[in-house]
Amino acid sequence: MHEVFRKNENIRIKVFFKRHTISACNQKRRQSEMMGQEETIRLLQECDAGVQMGITSIQEVLPYVKEEKFRQLLLGCRDKHEKLQEEIQRELEASREEGKEPNLMAKGMSWMKTKGKLAMDESDATIADLMTDGCNMGIKSLHRYLNQYAKAEEKVKDIAKRLINIEEKLTVDIRSYL
C-alpha cells in the first residue's frame, strides 16, 4: 500500500512541476512577445518623428534653393519621406497606436540653426551643409533606435533601414553643392 501511495505521490509531484515549468515558459514567451510588440511600436514612433523632421527641414529650405537640379533632389527626397510616412501611419493605425511628434527642443534648434545660417548666407552650399548635418543626425539616431529596439518586428526594422538609406542617398547626392 505504501508503495502505491509513493508512486501516486511521485506522479503528482512530477505533474505539478511540469505544469509550473510549462506555465513559467509560456509566461516568459508572452512577456517576450509583449516586449517585441512594445519595441515595434517605439521604433515606428521614432521613425514617424524622424520622417516628420525630414519633411519639415526640406520644406524650410526649399524657398532658398537657387539651382533647379538641387531643388528636384530635395523634392524627390521629400516625396520619399512622405511615402514612407504613409506606410508608418498605416502600421501605427493597424496597431491602434499614435505617431510621435519630433522632439520640440530638436525641432526648435534645427529651425534656429537653419534661419541663422540662411540669414548670413542664402547659398545652395549653405543649404547642402544644413541638409547634410540634418541627415547625419537622423541616420545616427535611427541606428541608435535600431540597436535599442532590437526585438522590434523585421518589417518595422526594414522601414527604419529604408529611411536611413533615403537620408544617406541624399547626403551623397548633394555633396556637389557643398
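Definitions and limits used
- Residues numbered from 1 in each chain as written.
- Predicted model: local features only at pLDDT ≥ 70, side-chain atom pairs only at ≥ 80, totals over all residues.
- Heavy atoms only, no water.
- Helix = DSSP H or I, 4+ residues; strand = E, 2+ residues; numbered from the N terminus.
- Buried < 20%, exposed > 50% of the residue type's maximum accessible area, 1.4 Å probe, protein only.
- Contact = heavy atoms within 4.5 Å.
- Areas by Shrake-Rupley, 256 points an atom, 1.4 Å probe, with all protein chains shown as cover.
- Expected span 1.5 Å × (residues − 1).
- Core = buried A, V, L, I, M, F, W, Y, C linked by side-chain atoms within 4.5 Å.
- Phe/Tyr/Trp six-rings, centres within 6.5 Å; stacked < 30°, edge-to-face > 60°.
- Patch = residues over 30% accessible without salt bridge, like charges linked within 9 Å, V, L, I, M, F, W, Y side chains within 5 Å.
- Salt bridge = Lys/Arg side-chain N within 4 Å of Asp/Glu carboxyl O.
- Polar contact = N/O pair within 3.5 Å; in protein donor to acceptor, adjacent residues only side chain to side chain.

Participant: Explain the overall build of the protein to me, please; I cannot follow it from the model alone.
Facilitator: Summing up its helical and strand segments, the protein has 5 helices and 0 strands in all. Across the protein, helices and strands are ordered from the amino to the carboxyl terminus as α-α-α-α-α. The proportion of buried residues among the 178 residues of the protein is 34%. Here the analysis covers contacts within the protein between residues at least 6 apart in sequence; of these, 80% occur between residues at least 24 apart. Taken as a whole, the protein presents about 11700 Å² of accessible surface, with 55% of it coming from carbon and sulfur.

Participant: For this particular structure, what's the right way to read helix α5 (residues 154–173)?
Facilitator: In an α-helix, one turn spans 3.6 residues; hence positions three or four apart end up facing the same way. In this model, α5 (20 residues) spans 28 Å end to end at C-alpha, consistent with the 28 Å of a helix rising 1.5 Å per residue. Burial in α5 covers these residues: V156, K157, I159, A160, L163, I164, I166, E167, L170 and T171.

Participant: Mind showing me how you'd approach the nonpolar core here?
Facilitator: One recurring pattern in soluble globular proteins: nonpolar side chains tend to sit buried together. Judged by nonpolar contacts, the single largest core of 37 residues is most densely connected at L43, F70, L74, I88, I127 and M131. Contributions of two or more residues to this core are made by α1 (2–61), α2 (68–94), α4 (124–148) and α5. Tallying contributions element by element places α4 first for this core, with 9 residues. Residues contacting M131, with those up to four places away along its chain left out, are S57, I58, V61, L74, L170 and I174.

Participant: For this particular structure, what's the right way to read the packing of aromatic side chains?
Facilitator: Centre-to-centre distance and the angle between the planes together describe a pair of aromatic rings. Summed over all chains, the structure comprises 2 aromatic pairs. Centroid distance Y145 to Y149: 6.2 Å. Interplanar angle 10°. Geometry classified as stacked.

Participant: Can you help me understand a nonpolar patch on the surface in this one?
Facilitator: A cluster of nonpolar residues, M105, M109, W111 and M112, forms a patch on the protein surface that exposes about 480 Å² of accessible area. Within the secondary structure, M105 is located in helix α3 (residues 104–120).

Participant: Whenever I open this one, α4 confuses me. Can you help?
Facilitator: Under the 1.5 Å per step criterion, the end-to-end length of α4 is 36 Å for 25 residues, consistent within 8% with the ideal 36 Å. Three or more residues of α4 are buried, namely D124, T126, I127, A128, L130, M131, T132, C135, I139, L142, Y145 and L146.

Participant: Please explain the pattern of salt bridges as it appears in this structure.
Facilitator: Side chains bearing opposite charge may pair, as long as their charged atoms lie close to each other. Using the criterion set out here, one finds 12 salt bridges in the structure. Here R42 ties to E38 by a salt bridge, and the two come within 4.0 Å at their closest N and O atoms. Of this pair, R42 and E38 are both found in helix α1, 4 residues apart, which corresponds to roughly one turn of the helix. On the basis of relative accessibility, which here comes to 35%, the residue R42 falls in the partly exposed class.

Participant: Before we go on, may I ask you to explain the environment of D48 in this structure?
Facilitator: Assignment of secondary structure puts D48 in helix α1. Here D48 falls in the buried class, since its relative accessible area comes to 2%. The sequence separation of D48 and E86 amounts to 38 residues, and the corresponding C-alpha distance is 9.4 Å. In this structure, D48 is in contact with Q85, I88, Q89, L92, G99 and K100, ignoring residues within four places of it in sequence. Polar side-chain contacts of D48 include one of 3.0 Å to the side chain of Q89. Within the structure, the side chain of D48 is placed 2.9 Å from the backbone nitrogen of K100, a separation counted as a polar contact.

Everything listed is a geometric property; what it means functionally is a separate question.
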